[in-house]
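# What the coordinates show
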Amino acid sequence: MPRSAQHIPHFDFLRNKYGPELLLDVGHIESLKNFVLDDTPHTLSFYDVLFLQEGSGTFSLDQVVHTLEPGKIIFTSPGQVRRWRVEQPVRGYTLFFEEGFISSFFNDPLFLHRFQFFHNPTRPNAVVTTAAEFEKFIQQVEAIEQEFRQLQNDSPHMIRALLYQMLLHLNRLFAQQHQTDSDTEGNAAIYSFRKLLETHFKERHQVQEYADLLHITPAYLNEITQRYFGTSASALIKGRLLLEAKRELLYTPKTVAEIAYHLHFSDTANFNRFFRASCGLTPKAYREQALAK
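Looking now at the packing of helix α6 (residues 218–229) against helix α7 (residues 233–251). Relative orientation of the contacting elements α6 and α7 amounts to 70°, with a least axis distance of 8 Å. Looking at the two axes, α6 sits roughly perpendicular to α7. Residue-level contacts link Leu-221, Asn-222, Thr-225 and Phe-229 of α6 to Ala-233, Ser-234 and Leu-236 of α7. Taken together, the residues of the contact of α6 with α7 sort by class into four nonpolar, three polar and no charged.

The next point concerns the packing of α7 against helix α10 (residues 283–291). At a closest axis distance of 9 Å, the pairing of α7 and α10 adopts a crossing angle of 55°. The pairing of α7 with α10 is recorded here as oblique in orientation. Regarding α7 and α10, the two cross each other, and that crossing is right-handed. Counting all contacts with α7, which are made through Lys-246, Glu-248, Leu-249 and Leu-250, the residues of α10 involved are Pro-283, Tyr-286, Arg-287, Ala-290 and Leu-291. By residue class, the composition of the contact of α7 with α10 is six nonpolar, no polar and three charged.

Attention shifts here to the nonpolar core. By size, the foremost hydrophobic cluster in this structure holds 36 residues, and its most contacted members are Phe-193, Leu-221, Leu-263 and Phe-271. Going through the elements one at a time, α4 (188–200), α5 (207–214), α6, α7, α8 (256–262), α9 (268–279) and α10 are the ones with two or more residues in this core. The element best represented in this core is α7, accounting for nine residues. Excluding residues that lie within four positions of it along the chain, Phe-193 makes contacts with Tyr-210, Leu-214, Leu-221, Thr-225, Ala-233, Leu-236 and Ile-237.

Reading guide: rules and limits
Residues numbered from 1 in each chain as written. Predicted model: local features only at pLDDT ≥ 70, side-chain atom pairs only at ≥ 80, totals over all residues. Heavy atoms only, no water. Axes fitted to C-alpha atoms, helices over the stretch in contact; angles between N-to-C directions. Helix = DSSP H or I, 4+ residues; strand = E, 2+ residues; numbered from the N terminus. Parallel < 35°, antiparallel > 145°, perpendicular 65-115°, else oblique. Contact = heavy atoms within 4.5 Å. Nonpolar A, V, L, I, M, F, W, Y, C, P; charged D, E, K, R; others polar. Left-handed = near helix turned anticlockwise from the far one by under 90°. Core = buried A, V, L, I, M, F, W, Y, C linked by side-chain atoms within 4.5 Å. Buried < 20%, exposed > 50% of the residue type's maximum accessible area, 1.4 Å probe, protein only.

Dropping the structure here:
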């Protein structure tokens, strides 16, 4: 961790690598050292799924640290702060794509919010597979990679079909390992809430505000978040605010007052009370303690 907070690198999707705009790509982890294996904290503007075949060390997503081990699959959502700590050389695949590659085709703005491993603050964003399970996923990734080697007019459709099937299988596996609901066609309100929360958490802090946007009661919103995420809507809102506050304390030079203003707290004292109630430390003390490590 750097001794003083500063802006961290942010990577956007390379849209025209294959000529016509194709918002998905496959990479080999071991060949992307400047992007994947750099131990500098960084963020992405797109989704990423890592398939680890070899290696050891850790991979951090915000404050969650994942061990690097063969057969593990790790999911990154846009905006999460990532950091590699590689001990033994890592080999595997990274499958990354923009939301538009999927949502425009399926005409469903909630599509990627239906999967449990993206935008889920209540569960670790990873699964561990058996050798047989992992081999099936690698075969699907390699089928996508092969399609890139011989692009045709209908290749985007073939790649979407392969990705869609893979995401559904991964969602079932994730739900099984983390004891969540794998139903991607269930209550639309819960998926709408996830998307609304990601869009409006800075300025909307109350359950009632989200319930109004969804045209449901706060009680019903709490009921469905408890069913799908095992916690209340209020806890999810507070958790998302806390996550963003920690990101800004650790990775930007903003003052505590500037962060409070950015997150639409009425004043700095109110932000301090919120943060201390959640973490047991003031924002200033949290930053000093983290940066001293």
